[in-house]
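# A closer look at the structure
Single-letter residue listing:
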Amino acid sequence: MTLESEAVLVDLFRRLGGTLTRLEVSTADAVGSFAAWRPARPVTQWSWVAPDPVVTQDDP
């Protein structure tokens, strides 16, 4: 994810609420005779549920 794309999600989170989550995963990989963590790129997820529309008696 680019910084610009993440900035859009942060702005939406600030204005509308919801949940902003960043997931990061690393896998063990050989480095010579040793093992080390190799990180993958993080994924940022914004989750938001739209409120139910207001229904009035005049609505069909």
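Here's a quick rundown of the structure. (Residues numbered from 1 in each chain as written. Predicted model: local features only at pLDDT ≥ 70, side-chain atom pairs only at ≥ 80, totals over all residues. Heavy atoms only, no water.)

## Points about the packing of aromatic side chains
Spelled out, the test is: Note on aromatic contacts: the rings of Phe and Tyr and the six-membered ring of Trp form a pair at centre separations within 6.5 Å, being stacked when their planes are under 30 degrees apart, edge-to-face when over 60 apart, and tilted otherwise.
For the coordinates displayed, the defined rule picks out one aromatic pair. Between W46 and W48, the ring centres sit 6.1 Å apart and the planes meet at 15°, which makes this aromatic pair stacked.

## A closer look at the pairing of strand β2 (residues 26-31)
Going by this rule: One requirement defines pairing of two strands: DSSP has to find at least two bridges between them. The way it works is that DSSP assigns letters per residue, a run of H or I at least four long becomes a helix, a run of E at least two long becomes a strand, and they are numbered from the N terminus.
Bridge analysis of β2 against strand β3 (residues 34-39) gives six bridges, and the strand direction is antiparallel. Counterpart to D29 in the pairing with β3 is A36.

## Some details on the pattern of salt bridges
What counts here: Salt bridges are identified by distance alone: a Lys or Arg side-chain nitrogen within 4 Å of an Asp or Glu carboxyl oxygen. Each residue is assigned to one of three classes by its accessible area relative to the maximum for its type, calculated with a 1.4 Å probe on protein chains only: buried under 20%, partly exposed between the two thresholds, exposed over 50%.
Under the defined criterion, the tally for this structure stands at three salt bridges. A salt bridge links R15 to D11, with the nearest nitrogen and oxygen atoms 3.0 Å apart. One end of the pair is R15 and the other is D11, both in helix α1 (residues 3-16) and four residues apart, which spans about a single turn. Classification of R15 as exposed rests on a relative accessible area of 56%. A salt bridge links D29 to R38; the nearest nitrogen and oxygen atoms lie 3.0 Å apart. Owing to a relative accessible area of 36%, D29 belongs among the partly exposed residues under this scheme. A relative accessible area of 43% places R38 in the partly exposed class.

## Comments concerning the side chain of T44
Filter applied, for reference: Pairs of N or O atoms are called polar contacts if they sit within 3.5 Å, as long as, within protein, a hydrogen donor faces a hydrogen acceptor (for residues adjacent in sequence, only side-chain-to-side-chain pairs). In what follows, residue pairs with any heavy atoms lying within 4.5 Å of each other are defined as contacts.
By the element assignment, T44 lies in strand β4 (residues 43-47). Residue T44 is classed as buried on the basis of its relative accessible area of 11%. Side-chain polar atoms of T44 contact the side chain of E6, separated by 2.7 Å. Other than its neighbours up to four places away in sequence, T44 contacts M1, E6, L9, L20, T21 and R22.

## Some points on α1
Formally: Expected helix span is computed as 1.5 Å times (number of residues minus one). Read the arc as the range of directions from the helix axis to the C-beta atoms.
With 14 residues, α1 should reach 20 Å at 1.5 Å per residue; the first-to-last C-alpha distance of 20 Å fits that figure. Buried within α1 we find E6, L9 and L12. Viewed along the axis of α1, the buried residues span an arc of 120°, placing them on a single side of the element. Within α1, the exposed residues directed more than 90 degrees away from the buried face are L3, E4, R14 and R15. G17, located one to two residues past α1, shows a positive phi value of around 85°.

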